[in-house]
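Coordinate inspection notes
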There are 2 protein chains.
Amino acid sequence: MTEKVTIEQKVLSENDRLAAELRQKFTRHRVLCLNLVSSPGSGKTSLLEKTLAALNHELKIALVAGDVQTENDARRLERAGGKIVRPIVTGGACHLDARMVAKALEAVPLEGLDILFIENVGNLVCPSSYDLGEDMKVVLISTTEGDDKPLKYPGMFRRSSVMVVNKVDLIGSSEFSLATVRENALTINGQLTVIELSCRSGDGLPAWYGWLRSQVRR
Amino acid sequence: MTEKVTIEQKVLSENDRLAAELRQKFTRHRVLCLNLVSSPGSGKTSLLEKTLAALNHELKIALVAGDVQTENDARRLERAGGKIVRPIVTGGACHLDARMVAKALEAVPLEGLDILFIENVGNLVCPSSYDLGEDMKVVLISTTEGDDKPLKYPGMFRRSSVMVVNKVDLIGSSEFSLATVRENALTINGQLTVIELSCRSGDGLPAWYGWLRSQVRR
């Protein structure tokens, strides 16, 4: 097992090196890079669809959409008005790594870009270990998943800067408590910004757009 | 990367060896072993709570509950009447492996046992690669996750024998179609048994109990 650990460390340190290169590039071009992570089906693609519809006319947005299989998410983002959308099919891998992102970005001009969204593979565990050069990880959780998730998957919540609680329109149809999820998340990471919204009803989306505007670097 | 792949193959083949030993043991004792897999929050623990409440008096059931962090699930299962509940805290690992299960089972007498449930870590990707000696994988998907999940995470649906579609009481509050999820799942794996239910409303649970009874080996 020691051998395995050593190899994993090598893979991760090579990833960190590539991620640092990406981060330098993003900083140089003043691009805000957000790495969206969540369970499968929490609503990452839906949130990006809404964001494109609302902000595409005022901000220049590029998107990298990672998927284990299919390019469905990338196609949804193109239909939602995304002009620069790059799919990554990991072919079974459970996370994106910096090499995949660097390769996907080869054809994306960063000049004049305001925001680069990286939609990670739906997985609350593995993507937390892979730095993609992002400014921040944004973790989505939906109210139908249960308010205990920050305690059960602490690594992801510890390494994220923002927690978006999606599907607040479904509260009441499950035992989910906004107060409890917030308390659980802040126990793990006291620095988390918490934004509650529903991509379906539209509640809370203006707060998300406002936060995005406040983070853009130009 | 070749070195990494070789090590992964070694780890997996060692896992397969241990899993084969477990499988022999289960067969010898006529224990039905089911490996429950899903995204975080699809309802694995809720389904097991309901199953214990309904079948604990007629079948002898043991449970192994895996979690990245916390023993919350194991505690919930004990409260639901589980007499033999063994927690596994993976400490960050994104899946259970056969070694963890073998260790957890050291203190569990298999004699006279009807069903052993293994509740895996909430993750639709990594647990698909690790055989735990189970007779079958049962994959849960909840209606709030979207009906495209079998296409996006095909490995897990290909390696499962049963797909349980949970939270059917929430259909209508999202764009989920039972016909579509069934079609998508059967495209990936034509052998899948599909059971639709709601742990919350109780709809469909008798079909699940009936299926379990039909699989017990004594």
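These numbers come from a predicted model, not from an experiment. Numbers given to residues run from 1 along each chain, matching the order in which its sequence is written. Just so you know, chain letters begin at A and ligand numbers begin at 1, following the order they were written in. This being a predicted model, a pLDDT of at least 70 is required before a residue's local features are given, and a value of 80 or more before pairs of side-chain atoms are given or counted; all residues contribute to the totals for chains, interfaces and linings. Only heavy atoms go into the side-chain values, all of them from the structure, while hydrogens and water stay out.

**Here's the deal with the pattern of salt bridges**
Here is the rule we go by: Salt bridge, as applied in this entry: a Lys or Arg side-chain nitrogen positioned within 4 Å of an Asp or Glu carboxyl oxygen. Accessibility here uses a 1.4 Å probe with only protein chains present; expressed as a share of the type maximum, an area under 20% marks a residue as buried, one over 50% as exposed, and anything in between as partly exposed.
Tallying each qualifying case throughout the model produces 30 salt bridges over all chains. A salt bridge links B:Lys149 to B:Asp148, with the nearest nitrogen and oxygen atoms 2.7 Å apart. For B:Lys149, a relative accessible area of 4% translates into the label buried. Within the structure, one salt-bridge network assembled from shared partners comprises A:Asp67, A:Asp73, B:Asp148, B:Lys149 and B:Lys152.

**Some details on the interface of chain A and chain B**
What counts is decided by this rule: Two residues form a contact once any of their heavy atoms are found within 4.5 Å. Note on definitions: buried area is the accessible-area loss of two parts on being combined, 1.4 Å probe, summed for both. The term polar contact refers here to a pair of N or O atoms within 3.5 Å; inside protein, the definition further demands a hydrogen-donor-capable atom paired with an acceptor-capable atom, and it admits residues adjacent in sequence only when both atoms are side-chain atoms. Here a strand is any run of E in DSSP of at least two residues, a helix any run of H or I of at least four, and the numbering for each starts at the N terminus. Only Asp, Glu, Lys and Arg are considered charged, only Ala, Val, Leu, Ile, Met, Phe, Trp, Tyr, Cys and Pro nonpolar, and every remaining residue, Gly among them, polar.
Listed by partner, the interface residues are 38 residues for chain A and 38 residues for chain B. Three residues stand out in chain A for area buried against chain B, namely A:Pro40, A:Lys152 and A:Arg200, and they jointly supply 19% of the buried area on that side. On inspection of chain A and its partner chain B, the count reaches six salt bridges. One salt bridge in this structure joins A:Asp67 and B:Lys152, with 3.8 Å as the shortest N-O distance. Our count for the chain A to chain B interface comes out at ten residue pairs in polar contact (both at pLDDT 80 or more). At the level of elements, α1 (2–28), α3 (72–79) and α5 (149–152) of chain A are the ones that each hand at least two residues to the side of chain A that touches chain B. If one sorts the elements of the side of chain A that touches chain B by residue count, α1(A) sits on top with five residues. By residue class, the composition of the side of chain A that touches chain B is 14 nonpolar, twelve polar and twelve charged.

**Here we look at the UniProt feature "domain: CobW/HypB/UreG nucleotide-binding" (unreviewed entry) in chain A**
Let me state the cut-off plainly: UniProt positions are given in the numbering used here, feature names are shortened, and annotations may be inferred rather than shown by experiment.
Cross-referencing UniProt, the feature "domain: CobW/HypB/UreG nucleotide-binding" (unreviewed entry) maps to residues 35–195 of chain A in the present numbering. Span residues 35–195 of chain A is 30% helix and 22% strand, its end C-alpha atoms 16 Å apart.

**Let's talk about the sheet that holds strand β1 (residues 32–37) of chain B**
Residue and element names in this part refer to chain B. As a reminder, the rule being used: The pairing criterion for strands is at least two bridges between them, as found by DSSP. In this analysis an axis means a line fitted to C-alpha atoms, helices contributing only their contacting stretch, and an angle means the value between N-to-C directions, from 0 to 180 degrees.
Pairing in this open sheet of seven strands is parallel, and the strands run β3-β2-β4-β1-β5-β6-β7 from one edge to the other. Bordering the open sheet on either side are β3 (84–89) and β7 (193–196), each of which pairs with just one other strand. Neighbouring strand axes in the sheet, compared pairwise and without regard to direction, differ in orientation by 20° on average. Direction of pairing for strand β5 (residues 136–142) relative to strand β6 (residues 162–166): parallel, over a ladder of five bridges. Bridge assignment links Leu140 to a residue of β6, and that residue is Val164. Relative to β6, helix α7 (residues 178–188) is tilted by about 160°, and along the sheet it contacts β5, β6 and β7.

**Overview of the environment of B:Leu170**
Relative to the assigned elements, B:Leu170 resides in the loop between β6 and α7. Relative accessible area serves as the criterion here: at 8%, B:Leu170 is assigned to the buried category. With 110 residues separating them along the chain, B:Leu170 and B:Lys60 place their C-alpha atoms 32 Å apart. In this view, B:Leu170 contacts A:Thr144, A:Ser173, B:Thr143 and B:Thr144; residues no more than four positions away in its chain are not counted.

**Looking at the pairing of strand β1 (residues 32–37) of chain A**
Residues and elements named next belong to chain A. Where burial is concerned, most of β1 is hidden: six out of the six residues are buried. Side chains Leu32, Leu34 and Leu36 of β1 all project onto a buried face; the interleaved residues Cys33, Asn35 and Val37 project onto the opposite face, where all are buried too. Direction of pairing for β1 relative to strand β4 (residues 115–119): parallel, over a ladder of five bridges. In the strand pairing of β4, Leu36 is matched with Glu119. Where β1 and strand β5 (residues 136–142) come together, four bridges link them in parallel fashion. When the bridges of β5 are listed, Val37 appears paired with Val139.

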